[in-house]
Amino acid sequence: NRSNLDVLLNYDKKLNLHGLKVLLGYHLEKYNYYENTMFRKSFPNNDLTDMNAGTASTQTNGGFTRELAMLSYFGRINYTLMDRYLFEANFRADASSRFYADNRWGYFPSFSMGWRISEEPFMKSMRHIIDNLKFRVSYGTLGNINNVGNYDYFQNYSGTGYYSFDDTSAKVIKESKPANPSLSWEKVALTDIGLDFDLWNGKLSGTADYYIKNTSDILLAYNVPLETGISNAPSQNV
């Protein structure tokens with residue numbers, strides 16, 4: 001079962017040489033999964049559909065649950081002056097149930113500026129050659145949770161372990177993955193400087209970009225020696 005709620009508010013105003021656009025948003029997502037299975041084989045014929053009609057010695061069953069939630073607030077302000085100077089600021093605040101309550105929120109701002117050089121008065125003499133020339137610069141951050149499990153800040157347990165009691169093998173519940181309550185968002189920061197141009201009525205166009213991308217607090221499973229008894233590597237920010 002997956003449910004979503006999205007709320008958006010938009011404001012758009014143009015006054016003489018100024019243009020202003022504002023966006024505010026709210027996003028809520030919840031995911032719940034429940035599964036129960038049962039299995040038998042060797043039914044006498046296809047008309048008998050009750051589970052008891054199958055051979056009891058081949059019966060198996062299983063089941064598990066999974067829950068996930070995400071909450072986001074976001075906004076954007078876009079301002080233009082004389083259709084030449086462009087400014088934009090964005091901000092996101094995201095919370096994920098995959099992290100402990102103290103580290104659940106991540107904050108991700110971004111900013112950009114553009115200059116439409118081709119609209120400047122001193123470019124009039126070049127209009128027969130340059131259709132569009134724009135310089136831009138931006139800096140932005142994003143969050144990532146794709147490399148972490150739903151419950152990695154808890155101890156994870158498995159029912160596949162065995163232990164010897166008086167030379168008799170007994171099935172036990174064992175810790176398969178240690179808890180890490182300090183887990184938090186993986187962060188990506190991107191700085192970009194670019195130039196766009198169109199020449200000779202669109203006969204030649206191009207884009208040039210120089211960018212620097214840095215990823216920090218990378219979510220990875222850190223291997224541990226098998227002698228520890230831990231079967232699944234703990235997740236960490238590295």
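If you're wondering where the values come from, they're calculated on a predicted model, not measured in any experiment. (Residues numbered from 1 in each chain as written. Predicted model: local features only at pLDDT ≥ 70, side-chain atom pairs only at ≥ 80, totals over all residues. Heavy atoms only, no water.)

1. Points about the pattern of salt bridges
It is possible for side chains of opposite charge to pair when their charged atoms get near one another. Applying the stated criterion across every chain yields a total of 10 salt bridges. Put simply, D94 and R92 hold a salt bridge, and the shortest N to O gap is 2.9 Å. Judged by its relative accessible area of 32%, R92 falls in the partly exposed class. Several salt bridges share partner residues, and in doing so they unite R136, D192, D196 and D209 into one network. (Salt bridge = Lys/Arg side-chain N within 4 Å of Asp/Glu carboxyl O. Buried < 20%, exposed > 50% of the residue type's maximum accessible area, 1.4 Å probe, protein only.)

2. Structural notes on the sheet that holds strand β5 (residues 105-116)
Read from one edge to the other, the open sheet built from 8 strands follows the order β1-β2-β3-β4-β5-β6-β9-β10, with strand pairing classed as antiparallel. The open sheet has two edge strands, β1 (2-15) and β10 (204-216), and neither has a second partner. Direction aside, the axes of adjacent strands within the sheet are offset by 10 degrees on average. Both strand β3 (residues 60-81) and strand β4 (residues 85-96) contribute to a ladder of 12 bridges, which runs antiparallel. When the bridges of β4 are listed, I77 appears paired with A89. (Pairing = 2+ DSSP bridges. Helix = DSSP H or I, 4+ residues; strand = E, 2+ residues; numbered from the N terminus. Axes fitted to C-alpha atoms, helices over the stretch in contact; angles between N-to-C directions.)

3. Considering the pairing of β5
Here β4 runs beside β5; their pairing, made up of 11 bridges, is antiparallel. Paired with F87 across the strands is M113, a residue of β5. Pairing analysis gives 7 bridges linking β5 to strand β6 (residues 130-144), with the strands arranged antiparallel. Following the sheet pairing, S112 is matched in β6 by S138.

4. A few points about unusual backbone geometry
Even without being a glycine, D166 presents a positive backbone phi close to 50 degrees. Positionally, D166 belongs in the loop between β7 (156-165) and β8 (168-177). Phi at D217 is positive, roughly 55 degrees, even though this residue is not glycine. Along the chain, D217 falls in the loop between β10 and β11 (219-221). Since its relative accessible area comes to 31%, D217 is described here as partly exposed.

5. Re the packing of aromatic side chains
Inspection of the entire model under this criterion finds 11 aromatic pairs. Both rings, one in F99 and one in W185, keep their centres 5.7 Å apart while their planes meet at 50 degrees; by these two values the pair is tilted. Of the two residues, F99 is situated in the loop between β4 and β5 and W185 in the loop between β8 and β9 (186-199); the sequence distance between them amounts to 86 residues. The exposure classification of F99 matches that of W185, with both residues buried. In this structure an aromatic cluster arises from ring pairing among Y26, Y73, F91, W105 and Y107. Positioned above the aromatic ring of Y33 is the side chain of R66, whose terminal nitrogen or guanidinium carbon lies 5.6 Å from the ring centre. (Phe/Tyr/Trp six-rings, centres within 6.5 Å; stacked < 30°, edge-to-face > 60°. Lys NZ or Arg CZ within 6 Å of the ring centre and 35° of its normal.)

6. Regarding the environment of N16
Among the secondary structure elements, N16 is positioned in the loop between β1 and β2 (18-39). Its relative accessible area of 71% is what places N16 among the exposed residues. Expressed as a C-alpha distance, the spacing of N16 and F154, which sit 138 residues apart in the sequence, is 57 Å.

7. So, the pairing of β2
Where β1 meets β2, 14 bridges bridge the pair, whose relative direction is antiparallel. Looking across to β2, one finds that S3 is bridged to K30. Between β1 and β2, which pair antiparallel in sequence order, lie 2 residues; one of them, N16, sits at a positive phi of approximately 55 degrees. Across 22 bridges, β2 lies against β3 in antiparallel orientation.

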